Amino acid sequence: MAAAALSPLRLVALLLLCLGGISPARSQSSTELTFATDTVKSFDCVDPNNRESTYRVRRGELTTVCLYVGPGGDWNSDIEYKRFSVNLMADEFSSYEVPGTLSAMLSGSDGTSNDAAHIFAASQSSLSFLRRYYDKTAQRFYPYLTAIIDVEDGVVRGITWDDACIFCPEAECVANTYNFDGSLATAEQTSQPVDGCYIPDEQCRAFALDGNALCNLKLFVVWSGTDVDGNVLLSSSSRFSMFPPNRIQENIMGQYESMVQNFNDFKDKIPGFGSD
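Residues numbered from 1 in each chain as written. Predicted model: local features only at pLDDT ≥ 70, side-chain atom pairs only at ≥ 80, totals over all residues. Heavy atoms only, no water.

### Some remarks on the overall build of the protein
Step number 1: In terms of regular secondary structure, the protein is built from six helices and 15 strands.
Step number 2: Taken over 276 residues, the protein has a buried fraction of 46%.
Step number 3: Surface accessibility of the protein: about 13,400 Å² in total, with carbon and sulfur atoms responsible for 51%. (Helix = DSSP H or I, 4+ residues; strand = E, 2+ residues; numbered from the N terminus. Buried < 20%, exposed > 50% of the residue type's maximum accessible area, 1.4 Å probe, protein only. Areas by Shrake-Rupley, 256 points an atom, 1.4 Å probe, with all protein chains shown as cover.)

### Describing the state of the cysteines
Step number 1: One pass over the full model with this rule turns up four disulfides.
Step number 2: The disulfide partner of C45 is C66, and the S-S distance across this bridge is 2.1 Å. With the S-S bond torsion at 90°, the cross-link from C45 to C66 turns out right-handed. One end of the pair, C45, is in the loop between α1 (9-12) and α2 (51-54); the other, C66, is in strand β1 (residues 62-71), and 21 residues separate them in sequence. For the pair formed by C45 and C66, the shared burial category is buried.
Step number 3: Each bonded cysteine in the protein gets a number by its place in the sequence, and the pairs come out as 1-2, 3-5, 4-6, 7-8. (Disulfide = S-S within 2.5 Å.)

### Quick notes on the nonpolar core
Step number 1: Formed by 47 residues in total, the largest nonpolar core has its most connected members in L67, I119, I149, L217, L219 and W223.
Step number 2: For this core, the leading source of residues is strand β14 (residues 217-226), giving six residues.
Step number 3: Sequence-distant contacts of I119, defined by excluding residues within four places in its chain, comprise L67, Y68, V69, F129, L130, R131, Y133, L145, W161 and L217.
Step number 4: Counting residues in each nonpolar core, the second largest holds 13 residues, with Y68, W75, I79 and Y178 among its members. (Core = buried A, V, L, I, M, F, W, Y, C linked by side-chain atoms within 4.5 Å. Contact = heavy atoms within 4.5 Å.)

### Details of the confidence of the model for the protein
Step number 1: A residue-level look at the protein finds 69% of positions with pLDDT of 70 or above and a mean pLDDT of 77.
Step number 2: Between residues 1-25, whose pLDDT stays under 50, and residues either more than four places distant or in other chains, the model counts 45 contacts.
Step number 3: Residue range residues 29-41 is modelled with pLDDT below 50. Its contacts to residues more than four positions away, or to other chains, number 38 contacts. (pLDDT = per-residue confidence, 0-100.)

### Describing the packing of aromatic side chains
Step number 1: Throughout the structure, instances matching the rule amount to eleven aromatic pairs.
Step number 2: If you follow R140 out to its NZ or CZ, it ends over the ring of Y198, 3.8 Å from the centre. (Phe/Tyr/Trp six-rings, centres within 6.5 Å; stacked < 30°, edge-to-face > 60°. Lys NZ or Arg CZ within 6 Å of the ring centre and 35° of its normal.)

### Concerning the environment of N176
Step number 1: Within the secondary structure layout, N176 lies in the loop between β10 (173-175) and β11 (177-178).
Step number 2: Ignoring sequence-local partners within four residues, the contact set of N176 consists of L130, R131, R132, Y142, V194, D195 and G196.

### Brief notes about the environment of T137
Step number 1: Relative to the assigned elements, T137 resides in the loop between β6 (130-135) and β7 (140-141).
Step number 2: Residues T137 and A116 lie 21 residues apart in sequence; the distance between their C-alpha atoms is 7.7 Å.

### Observations concerning the pairing of strand β8 (residues 145-152)
Step number 1: Extensive coverage of β8 is indicated by the burial of six of its eight residues.
Step number 2: The pairing of β8 with β14 spans seven bridges and is parallel. Across the sheet, residue I148 finds its bridge partner in β14, namely V222.
Step number 3: Alignment of β8 against strand β9 (residues 155-161), held across six bridges, turns out to be antiparallel. Paired with E152 across the two strands is V155, which belongs to β9. (Pairing = 2+ DSSP bridges.)

### A few points about unusual backbone geometry
Step number 1: Positive phi values are uncommon outside glycine, yet Q139 reaches one of about 55°.
Step number 2: Along the polypeptide, Q139 turns up in the loop between β6 and β7.
Step number 3: For Q139, a relative accessible area of 43% translates into the label partly exposed.
Step number 4: Despite not being glycine, S191 shows a phi value in the positive range, around 55°.

### Concerning the pattern of salt bridges
Opposite charge on two side chains allows them to pair when their charged atoms are near.
Step number 1: In this structure the tally under the stated criterion is five salt bridges.
Step number 2: The partner of R58 in a salt bridge is E61, with the nearest N and O atoms 3.8 Å apart.
Step number 3: The salt bridge partner of R157 is E152, with a shortest N-O separation of 3.3 Å.
Step number 4: Salt bridges linked by common partners bring R58, E61 and D229 together as one network. (Salt bridge = Lys/Arg side-chain N within 4 Å of Asp/Glu carboxyl O.)

### As for the environment of L233
Step number 1: Tracing the sequence through the fold places L233 in strand β15 (residues 232-233).
Step number 2: Along the backbone, L233 and D150 are 83 residues apart, and their C-alpha atoms lie at a distance of 9.1 Å.
Step number 3: The contacts of L233, once residues within four sequence positions are left out, are V57, R59, D91, V151, W223, S224, G225, T226 and D227.

And the structure:
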């Protein structure tokens, strides 16, 4: 099993004086890293090769999480989409990145013919609401995706999205949660944050040139509730929204300023670059 990627913020979580509360989850229904990119018909998300041990969540053991990628619009119609499946260690702040998604979206080779790419997360028989990952018309990426999986006695009861407005100023955080019929979802309907920060695609290109994969499709995952043995799941206390937004925005701005400086240094080493 490839080790689940741990966020550096996991260490900072130990300094928290109290845990943030998680509202009841409301969502849609229906060893070795497992990876699939097949077009699928079912939304159920379990490891078919290890169904018995991954179908119930047990802290410290593998559990299956799926990431679905497809076009914008009505997902209730007959559309094609891709599923990426991974076994993660339950109750560890984990992440799963789909390599090459930035370049695929910008080049149009992602396999979706729509003007937008939407995603959702699944585990067992629970689904999140849709989130937009790329908007071709507005030329924006929405890379901040953290799924909070709510579990009761080992059974996944719902998947909500963490607050994605902490990564940018309020004016740059826009509606970004959708129902499966393509309509915008509201906070009142979903009982969860529905807005998200975006990054213009020209900035994403610059980040990529600087070796920063910030805009690649990457799903962070945490758990709340209780596992099959009644153990309390605590990784939700490490989610990004538990930390002061100004500190997170300072970190992102630092990455941006570093990228600009590196790009300028690169230009200075090329004779005649940028000159008339």
